[in-house]
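A structural walkthrough
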Amino acid sequence: MPRHSSAHRGCPEATEPPAPAATEPPAASAAFKACEVTDAGGIDDKSFNATAWKGILAAEAEFGIEGKYLESQQQTDYEKNLKAFLDEKCDLIVPVGFLLGDATAAAAAANPDAKFSIVDFAYDPTIPNVLGQVFNTDEAAFMAGYLAAGVTKTGKVATFGGIQIPTVTIFMDGFYAGVQYYNAQKGTSVEVLGWDPASQTGTFTGNFESKEDGRTLGLSFMDEGADIIMPVAGPVGEGTAAAAKERGNVWIIGVDADWFNTVPDFADIVLTSVLKNMDVTTKESIKMVIDGTFEGGVIVGTLVNGGVGLAPFHNLDSMVPAELKAELDTVKAGILDGSISVKPGEAAAPQPPAVVAPAGSKPAR
């Protein structure tokens, strides 16, 4: 789909939300506008932009609001798109992505009466009119790493990122730690290609758009022996999946959304996905504005509150032995009670989950 530089009311017809149920009148009128500013991946990136938009569509259906979006084709579009929605008097502006952090802070400071809920960013100190949405994705990625270590036939798995920013590397950290935990439990030596959390060095494409870059990196990892790859790079990962499908006997772990559903062409090679349920937190932030409870601070998605999770194995369910499934349940329980740390090289320590922290607090991770 071509990228657009003007606001849109809704996605293509197939994604239009149903009308609110007659027995449940909407809590807000259509005069309320929730307005998303995407990162460069675009509204149909099948990843974090699209997932946040799913939350706005859910709010349309449940609360009777109006949802709009502007697509950023490059970083220079951030300020322009935020200003357009400020001029339009949107009730809540939802900038999507870590890279919009600086532009959002500037817009919020210049427009203290406007409200923002930025995906993948939190400020310290907090900004009174900005609610940050952050996610403990390392919790779910840890489980994905454990799974990958238990399924690999070659003893090598891989991960890479789009741009080296914290919201990308947190996936890679958790994945690496999950593999190492499996090795420690089983006495194995499964190797992780593409990322070293100790030195914070690894493989990155430098963008979130080029599927050809994803293909090239995927082939390189396969040539090194990796048979499971987790791309943390938005649409770039589709290039990796295409290469894996052509090569055969290579499996993909998706991120952000369930790739089995969002990239169905590769459903037969998607082992699972690390879910980052930005739709849940985006919808909740809209509800806060409607309810009059919105304030600056942070909302944290965790395994506990469903903000992050591991997708079903779908068509590859038979690849995962019952014993490994049971172990994953045990690992999840350990993460939830704090007896298993998801930080690479860190001893287990209880870490109580946060749901919504008051203004002035810092994110859990």
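First things first, this report covers the structure right here in the doc. Just so you know, these numbers come straight off a predicted model, no measurement behind them.

1. With respect to the side chain of Thr 137
Looking at the secondary structure, you find Thr 137 in helix H4 (residues 137–151). Take Thr 137: its relative accessible area is 0%, and that puts it in the buried class. In this structure, Thr 137 is in contact with Ile 170, Phe 171, Val 274, Lys 276 and Val 308, ignoring residues within four places of it in sequence.

2. Focus: the pairing of strand E12 (residues 251–256)
Buried residues dominate E12, accounting for 6 of its 6 residues. Across 2 bridges, strand E11 (residues 228–232) lies against E12 in parallel orientation. Among the inter-strand pairings, Ile 229 is bridged to a residue of E12, identified as Ile 252. Following the chain from E11 across helix H7 (residues 236–247) to the adjacent parallel E12, one finds a crossover that is right-handed. Here E12 runs beside strand E13 (residues 270–276); their pairing, made up of 5 bridges, is parallel.

3. Things to note about the state of the cysteines
Counted by the stated rule, this structure contains 1 disulfide. The disulfide that involves Cys 35 links it to Cys 90, with 2.1 Å between the sulfurs. Handedness of the Cys 35-Cys 90 disulfide follows from its S-S torsion of about -85°: it is left-handed. A residue pair is termed long-range when its members are at least 10 positions apart, and Cys 35 in strand E2 (residues 33–37) and Cys 90 in the loop between helix H2 (77–87) and strand E4 (92–95) qualify at 55 residues. With respect to burial, Cys 35 and Cys 90 carry one shared label: buried.

Conventions and cut-offs
Residues numbered from 1 in each chain as written. Predicted model: local features only at pLDDT ≥ 70, side-chain atom pairs only at ≥ 80, totals over all residues. Heavy atoms only, no water. Helix = DSSP H or I, 4+ residues; strand = E, 2+ residues; numbered from the N terminus. Buried < 20%, exposed > 50% of the residue type's maximum accessible area, 1.4 Å probe, protein only. Contact = heavy atoms within 4.5 Å. Pairing = 2+ DSSP bridges. Right-handed = clockwise from strand over helix to strand, strands pointing away. Disulfide = S-S within 2.5 Å.

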